[in-house]
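Okay, here's what each chain looks like letter by letter:
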Amino acid sequence: MTTPPSSTTESSPNVPQQREHFWITALQLIRLPSQSGTWLLLLPSLWALVLASEKNQLDPALVLIFTIGAFLMRSAGVIFNDLADRSIDKQVQRTQHRPLARGALSPLQALSLALIFVVLSFGLVLSLNPLSIALSPIALALAALYPFAKRYIHIPQLILGIAFGWGTVMAWAAVQNRLELETWLLFLGTVFWAVAYDTIYALQDREDDVKIGVKSSAIFFGEYVWAGVAGASSLTLIFIGMAGWLASLNNFFFVGLLGISLFLSWQVWRLTQPQQRHTYFTMFKQHVWVGIAMLVLLWAGKI
């Protein structure tokens with residue numbers, strides 16, 4: 001945000017411009033024009049709501065709570081990430097123009113915005129049952145810890161997957177007020193799904209990350225990145241398929257799961273060949289549609 005002038009004689013028309021500049025920059029900070037991350041956080045929670053609910057008895061209030069919560073927590077998460085990485089982002093071509101990297105917002109301003117999102121999220125959680133409330137601090141801890149994972153863990157995408165997968169645990173608890181084997185299978189499926197799509201995403205920055213010295217699965221798997229994504233995608237389908245089997249879903253679900261596996265195989269095949277950076281980003285965004293397809297299959301599997 002531009003520093004307000006110290007003179008009291010400054011004309012009033014400049015005040016709205018200052019405020020507009022701040023809020024536009026704040027919206028850039030939370031990636032408002034690009035909500036793929038919100039969808040990828042939300043969809044596993046919706047999977048859990050559908051699978052944990054009785055047939056045709058999905059609670060609209062829970063859908064609304066988790067939808068708003070996904071937007072709020074994803075917004076807080078990207079701010080935590082940019083706060084932790086503001087010095088790193090300056091050295092990466094794709095991220096050097098982010099608000100904190102270019103100094104358009106101060107760390108204190110960004111932290112204040114993140115805390116607002118966290119408080120609003122907790123207000124939503126308070127409308128859930130006691131088990132969901134008890135599980136919520138883990139979600140916040142994971143969101144705050146993930147940005148530092150790339151400094152110490154060769155596959156930080158696992159931490160991202162745990163953070164995103166925790167929504168399935170909370171959503172299941174919100175419906176059933178207990179945790180079952182299906183809960184953890186769905187959670188594991190989400191963890192490995194995140195490893196798959198975020199490895200593809202990380203390929204955009206692989207060269208820059210190597211120079212800087214940060215870690216990612218795209219670097220760890222090296223020339224066998226296609227195999228890493230293939231393995232993570234396979235585990236995703238296996239764990240979610242097992243959850244569907246335990247929930248006695250019909251054959252429509254399993255036939256559809258085969259269709260998703262063919263699409264993911266096509267992505268893996270593309271990774272056997274070098275691609276442009278924008279192609280990796282397109283492939284990453286396609287996983288939103290994978291998640292939507294999975295949601296439809298889980299819903300249809302209960303009919």
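This structure is a prediction, so every number in the text was calculated from the model and none was measured. (Residues numbered from 1 in each chain as written. Predicted model: local features only at pLDDT ≥ 70, side-chain atom pairs only at ≥ 80, totals over all residues. Heavy atoms only, no water.)

**Q** Quick question: what am I supposed to make of the pattern of salt bridges here?
**A** Should their charged atoms come close, side chains of opposite charge can pair. Going through the model one piece at a time under the given rule, you end up with eight salt bridges. Among the ionic pairs, Arg98 bridges to Asp89, the shortest N-O distance being 3.6 Å. Its relative accessible area of 5% is what places Asp89 among the buried residues. Across the pair Arg277 and Asp208 runs a salt bridge whose closest N-O atoms are separated by 3.7 Å. Taken together, the residues Arg277 in helix H12 (residues 277-301) and Asp208 in helix H8 (residues 206-212) connect sequence positions 69 residues apart. Classification of Asp208 as buried rests on a relative accessible area of 11%. Because the salt bridges share partners, they merge into one network encompassing Arg31, Asp82, Asp89 and Arg98. (Salt bridge = Lys/Arg side-chain N within 4 Å of Asp/Glu carboxyl O. Buried < 20%, exposed > 50% of the residue type's maximum accessible area, 1.4 Å probe, protein only. Helix = DSSP H or I, 4+ residues; strand = E, 2+ residues; numbered from the N terminus.)

**Q** I would appreciate a short explanation of the environment of Trp166 in the present structure.
**A** Position of Trp166 relative to the elements: it lies in helix H6 (residues 157-176). With relative accessibility at 10%, the residue Trp166 sits in the buried group. Considering only alpha carbons, one finds Trp166 and Tyr152, 14 residues apart in sequence, at a separation of 21 Å.

**Q** Mind showing me how you'd approach the side chain of Thr236 here?
**A** Topologically, Thr236 is positioned in helix H10 (residues 225-246). In terms of polar contacts, Thr236 uses its side chain to reach the backbone carbonyl oxygen of Gly189, at 3.5 Å. Discounting chain neighbours no more than four positions away, the residues touching Thr236 are Gly189, Phe192 and Trp193. (Polar contact = N/O pair within 3.5 Å; in protein donor to acceptor, adjacent residues only side chain to side chain. Contact = heavy atoms within 4.5 Å.)

**Q** Please explain helix H3 (residues 60-89) as it appears in this structure.
**A** Since the α-helix turns once every 3.6 residues, residues separated by three or four places project in the same direction. The sharpest bend along H3 comes to roughly 45°, located at Leu83. Counting buried positions over the 30 residues of H3 gives 21, a clear majority of the element. The N-cap of H3, judged by a side-chain oxygen 2.9 Å from the amide nitrogen of Ala61 a few residues on, is Asp59. (Bend = angle between axes of the 7 residues up to and from the residue.)

**Q** When you look at the layout of surface pockets in this model, what are you seeing that I'm missing?
**A** A probe as big as a water molecule, rolled over the atoms, marks out the empty space that is left. Size it by volume and the second largest pocket reaches roughly 180 Å³. For the lining of the second largest pocket, the secondary structure elements donating two or more residues are H8 and H12. Looking at the lining of the second largest pocket, its residues break down into five nonpolar, five polar and four charged. (1 Å grid on protein atoms, 1.4 Å probe; cavity = no way out; pocket = protein on both sides within 12 Å on 5 of 7 lines; lining within 4 Å. Points joined across faces, edges and corners; volume = space filled by probe spheres on them. Nonpolar A, V, L, I, M, F, W, Y, C, P; charged D, E, K, R; others polar.)

**Q** In this structure, what is going on with the nonpolar core? I would like to understand it.
**A** Soluble globular proteins tend to bury their nonpolar side chains together. Counting residues in each nonpolar core, the largest one holds 76 residues, and the members touching the most others are Trp47, Phe66, Ile79, Trp166, Phe253, Met294 and Leu298. With residues up to four places along the chain from it excluded, the contact list for Phe253 reads Ile240, Gly241, Gly244, Met294, Leu297, Leu298 and Gly301. Among the nonpolar cores identified, the runner-up in size contains 13 residues, and Val195, Ala196, Ile200 and Met283 belong to it. (Core = buried A, V, L, I, M, F, W, Y, C linked by side-chain atoms within 4.5 Å.)

**Q** What is the right way to read the packing of aromatic side chains from this model?
**A** Describing an aromatic ring pair means giving the distance of the ring centres and the angle of the ring planes. For the structure on display, the rule yields 14 aromatic pairs. A ring pair is formed by Trp47 and Trp193, whose centres lie 5.1 Å apart and whose planes are at 35°; its orientation type is tilted. With Trp47 in helix H2 (residues 36-52) and Trp193 in helix H7 (residues 181-202), this residue pair connects regions lying 146 residues apart in the sequence. Residue classification places Trp193 among the buried residues on the basis of a relative accessible area of 2%. Taken together, a centroid distance of 5.5 Å and an interplanar angle of 70° make the contact between Phe220 and Phe221 edge-to-face. (Phe/Tyr/Trp six-rings, centres within 6.5 Å; stacked < 30°, edge-to-face > 60°.)

**Q** I'm lost on the confidence of the model for the chain in this one. Help?
**A** For residues with low pLDDT, the predicted coordinates do not support detailed interpretation. When pLDDT is averaged across the chain, the result is 90; 93% of the residues are at 70 or more. The least confident element of the chain, judged by mean pLDDT, is helix H1 (residues 14-29) at 66; the most confident is H10 at 98. Confidence drops under a pLDDT of 50 for residues 1-20, and excluding neighbours within four residues, the segment shows eleven contacts in the predicted structure. (pLDDT = per-residue confidence, 0-100.)

**Q** Looking at this structure, how should I read empty space enclosed by the protein?
**A** One pass over the full model with this rule turns up one cavity of 30 Å³ or more. The space that makes up the largest cavity amounts to roughly 70 Å³. Forming the walls of the largest cavity are Val50, Ser53, Glu54, Lys55, Asn56, Gln57, Leu58, Trp299, Lys302 and Ile303. Residues of the lining of the largest cavity, tallied by class, amount to four nonpolar, three polar and three charged.

**Q** Would you mind going over a nonpolar patch on the surface with me for this structure?
**A** There is a patch of nonpolar side chains on the surface, built from Phe148, Tyr152 and Ile153 and spanning about 330 Å² of accessible area. Mapping Phe148 onto the fold places it in helix H5 (residues 130-149). The class of Phe148 is partly exposed, set by a relative accessible area of 40%. (Patch = residues over 30% accessible without salt bridge, like charges linked within 9 Å, V, L, I, M, F, W, Y side chains within 5 Å. Areas by Shrake-Rupley, 256 points an atom, 1.4 Å probe, with all protein chains shown as cover.)

**Q** Can you walk me through the side chain of Ser75 in this structure?
**A** Along the chain, the position of Ser75 falls in helix H3. Looking at Ser75, its side chain comes within polar contact range of the main-chain oxygen of Phe71, at 2.8 Å. For Ser75, the contacting residues outside a window of four places in its chain are Ile30 and Phe117.

**Q** How should the packing of H7 against H10 be read in this particular structure?
**A** Helix-helix packing: each pair is described by the crossing angle between the helix axes and the interaxial distance. It is the contact of H7 with H10, at a shortest axis distance of 8 Å, that shows an interaxial angle of 160°. When the axes of H7 and H10 are compared, the pair comes out roughly antiparallel. By crossing handedness, the relation of H7 to H10 is classed as left-handed. Of the residues in H10, those touching H7 at Leu181, Glu182, Leu185, Leu186, Leu188, Gly189, Phe192, Trp193, Val195, Ala196, Thr199 and Ile200 are Val225, Val229, Ala232, Ser233, Leu235, Thr236, Phe239, Ile240, Met242, Ala243 and Leu246. Residue classes in the contact of H7 with H10 are distributed as 18 nonpolar, four polar and one charged. (Axes fitted to C-alpha atoms, helices over the stretch in contact; angles between N-to-C directions. Parallel < 35°, antiparallel > 145°, perpendicular 65-115°, else oblique. Left-handed = near helix turned anticlockwise from the far one by under 90°.)

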